[in-house]
Amino acid sequence: MKYRCVQCGFGIKTLFVQYSPGNIRLMKCENCKAIADEYIECELMIILIDLILHKPKAYRHLLYNVLNQQTVELEGLLWKSTVTFLLFDAYRSLLLLRNKEEQSSALSFPSLVWRSQQIFMDVFVGNLIFLCVFVLATRVLLKISVGFSSCGDMLLAILVSSYFKMFLVAMMVWEFPSSVIFIIDLFVLSSNVVAIKGTCRM
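The residue numbers shown here count from 1 along each chain, following its written sequence. The model is predicted, so local features are restricted to residues of pLDDT at least 70 and side-chain atom pairs to those at 80 or more, both for listing and for counting; the totals for chains, interfaces and linings are taken over all residues. Excluding hydrogens and water, the side-chain figures rest on all heavy atoms present in the structure.

S.K.: Can you help me understand the overall build of the chain in this one?
M.R.: Numbering of helices and strands runs from the N terminus; a helix is a DSSP stretch of H or I covering at least four residues, while a strand is a stretch of E covering at least two. Of regular secondary structure, the chain possesses 7 helices and 4 strands. Ordered by position in the sequence, the α and β elements of the chain form the string β-β-β-β-α-α-α-α-α-α-α. Classification of the 202 residues of the chain by burial places 35% in the buried group. Residue contacts are defined here by distance: any two heavy atoms, one from each residue, within 4.5 Å place the two residues in contact. A separation threshold of at least 6 residues defines the contact pool for the chain, and within that pool the share at least 24 residues apart is 58%. Residue exposure (1.4 Å probe, protein chains only): buried if accessible area is under 20% of the type maximum, exposed if over 50%, otherwise partly exposed.

S.K.: I keep staring at helix H1 (residues 44-52) and nothing clicks. Help me out?
M.R.: Along H1, the positions that sit buried rather than exposed are Ile-47, Asp-50 and Leu-51. Buried residues in H1, looked at end-on, bunch into an arc of 105 degrees, giving them a common side. On its buried face, H1 sits against helix H2 (56-66). Downstream of H1 by one or two residues, His-54 has phi in the positive range, about 60 degrees. Arc definition: directions from the helix axis to the C-beta atoms.

S.K.: Before we go on, may I ask you to explain the pattern of salt bridges in this structure?
M.R.: Oppositely charged side chains may form a pair once their charged atoms are brought near each other. The term salt bridge refers to a side-chain nitrogen of Lys or Arg lying within 4 Å of a carboxyl oxygen of Asp or Glu. For the structure on display, the rule yields 4 salt bridges. Note that Lys-57 is salt-bridged to Glu-38, the shortest N-O span being 3.0 Å. With Lys-57 in helix H2 and Glu-38 in the loop between strand E4 (23-26) and H1, this residue pair connects regions lying 19 residues apart in the sequence. The exposure class of Glu-38 is partly exposed, given its relative accessible area of 22%. We note a salt bridge from Lys-165 to Asp-89, for which the minimum N-O separation is 2.6 Å. Linking Lys-165 in the loop between helix H5 (148-160) and helix H6 (170-173) with Asp-89 in helix H3 (residues 74-100), this pair joins segments that are 76 residues apart in sequence. The buried category is assigned to Asp-89, whose relative accessible area is 9%.

S.K.: What am I meant to see in the packing of aromatic side chains here?
M.R.: Only centres within 6.5 Å qualify two rings of Phe, Tyr or Trp (six-membered ring in Trp) as a pair; their planes then separate them into stacked at under 30 degrees, edge-to-face at over 60, and tilted for everything else. A full pass over the atoms with the stated rule returns 4 aromatic pairs. Aromatic side chains Tyr-163 and Phe-164 sit 4.8 Å apart centroid to centroid with 25 degrees between the ring planes, which places their arrangement in the stacked category. Overall, Phe-164 belongs to the buried group, its relative accessible area being 8%. Centre to centre, the rings of Phe-164 and Phe-187 are 5.0 Å apart; their planes meet at 25 degrees, and the pair counts as stacked. Here Phe-187 lies in helix H7 (residues 179-200) and Phe-164 lies in the loop between H5 and H6, a separation of 23 residues in the sequence. Here Phe-187 falls in the partly exposed class, since its relative accessible area comes to 41%. Clustering of aromatic rings is evident, with ring pairs tying together Tyr-163, Phe-164, Phe-167 and Phe-187. Put simply, a charge is over a ring when the Lys NZ or the Arg CZ is close to the ring centre, within 6 Å, and near the line of the ring normal, within 35 degrees. Here the guanidinium or amino end of Arg-4 rests over the ring plane of Tyr-64, the centre of that ring lying 5.0 Å away.

What follows is the structure, given as structure tokens:
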């Protein structure tokens, strides 16, 4: 099926029928008999609010009915999202490293190289462990076997639902305590869980 119902995750061929420009009829899901995707008529701000409120149907709309293979080139999107995700994580690691160490007035080249290597290893190893734990938890807790086809979907769900990492940019402008980083991490983790749970319920 090309699309999915945001209520129950059931596959559906089309979300609406267009009779004329601006005149559409939303289709109903054959499984739950509800409107398959009411977000089609909603503004972007309402979708963003529902994403912040951790509503699984908002994630289903975004991941299945907006970011699908028919409308978006997923491979390019995955690469861009992964690079952005890693850059935010590198900045997070840099903030934590600065809080642990006392700032020196001048950094030598060897210490700068060592710090870059430390940040790279922290980001790479940390995200590798995180993804492995997520795949394992999905298989054990949600009783879903993750194959190569669904790993890409799972990675996209994790990357898209990690949008709270953008709030780290505010730390470039304003000074916040390091506890804010961990609060952002909690929001990201809870958003990841809702996105994975929403995409796995089919």
